[in-house]
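Chain by chain, the residues run as shown.
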Amino acid sequence: MAKQTRDAEFTEFVASRSGWLRKVAYLLCGDWHRADDLVQETITKLYVHWAKASRATNVDGYARRTLVNTFLAEQRTSWWRRTVRTGADPDIAATSIDLDVSLDLRKALAALPPRQRAAVVLRYYCDLSIDQAAEALNCSSGNVKSQSARALETLRRSLVLVPALAERTS
């Protein structure tokens, strides 16, 4: 009976958070297929450790940290460099956004080193404080500040070079 309750709790959590995890994973890696793989691996790790995860004071934070650690661990291996996909992204319905600016931002975000990208995603997409991001990245608050500052400077420089964006902002 306890296993059924455990599985039901886990299934409910995954059903309610899988879309959010997928968005965070996409922002980290820049590829929907790879984001799906990251989420699947994260969900598998969560299931194996669900007894510990479900006792955490912030289950979303536990899941987010697992996702970020999975992404960063993958960056340290060479297999992902050999399996880069090319081709069109899947069709995704947009809700009145400027697609050109969105694509420019995604390209600029994808060009960042993995830890800088993770810092920016955690701080500005997940809206975490510096200390929360440091905990998720397993580093110091100063490291999060410097990684974020470097990433934002790189993003500013790369986005200013985009003529369409420069015209819109002037």
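Before any of the text, the structure's been laid out above.
Residues numbered from 1 in each chain as written. Predicted model: local features only at pLDDT ≥ 70, side-chain atom pairs only at ≥ 80, totals over all residues. Heavy atoms only, no water.

Chemist: Where do I start with the nonpolar core in this structure?
Modeler: Generally speaking, soluble globular proteins have nonpolar side chains that are buried together. Counting residues in hydrophobic clusters, the biggest one holds 42 residues, and the most contacted among them are Phe13, Leu28, Leu67, Val68, Leu122 and Leu137. When contributions to this core are tallied by element, the ones reaching two or more residues are helix H1 (2-29), helix H2 (32-48), helix H3 (50-55), helix H4 (59-75), helix H6 (99-110), helix H7 (114-125), helix H8 (130-137) and helix H9 (141-160). Ranked by residues supplied to this core, first place goes to H1 with 10 residues. Residue contacts for Leu28: discarding those within four places in its chain leaves Leu67, Val68, Phe71, Arg117, Ala118 and Val121. (Core = buried A, V, L, I, M, F, W, Y, C linked by side-chain atoms within 4.5 Å. Buried < 20%, exposed > 50% of the residue type's maximum accessible area, 1.4 Å probe, protein only. Helix = DSSP H or I, 4+ residues; strand = E, 2+ residues; numbered from the N terminus. Contact = heavy atoms within 4.5 Å.)

Chemist: It is not clear to me how H8 should be interpreted in this structure. Could you clarify?
Modeler: The α-helix advances 3.6 residues per turn, and as a result positions three or four apart in sequence lie on the same side. Listing the buried residues of H8 in full gives Ala133, Ala134, Ala136 and Leu137. Seen from one end, H8 has its buried residues packed into an arc of 160°, which puts them on one side. Residues of H8 that are exposed and point over 90 degrees away from its buried face: Asp131 and Glu135. Looking at the buried positions of H8, the neighbouring elements they touch are H4, H7 and H9. Two residues or fewer after H8 comes Asn138, characterised by a positive phi angle close to 60°. (Arc of directions from axis to C-beta.)

Chemist: Please explain H2 as it appears in this structure.
Modeler: Here H2 is 17 residues long and its end C-alpha atoms lie 24 Å apart, about the 24 Å a rise of 1.5 Å per residue gives. Those residues of H2 that fall on the buried side of the exposure criterion are Trp32, Arg34, Ala35, Leu38, Val39, Thr42, Ile43 and Leu46. The N-cap of H2, judged by a side-chain oxygen 3.0 Å from the amide nitrogen of His33 a few residues on, is Asp31. (Expected span 1.5 Å × (residues − 1). Polar contact = N/O pair within 3.5 Å; in protein donor to acceptor, adjacent residues only side chain to side chain.)

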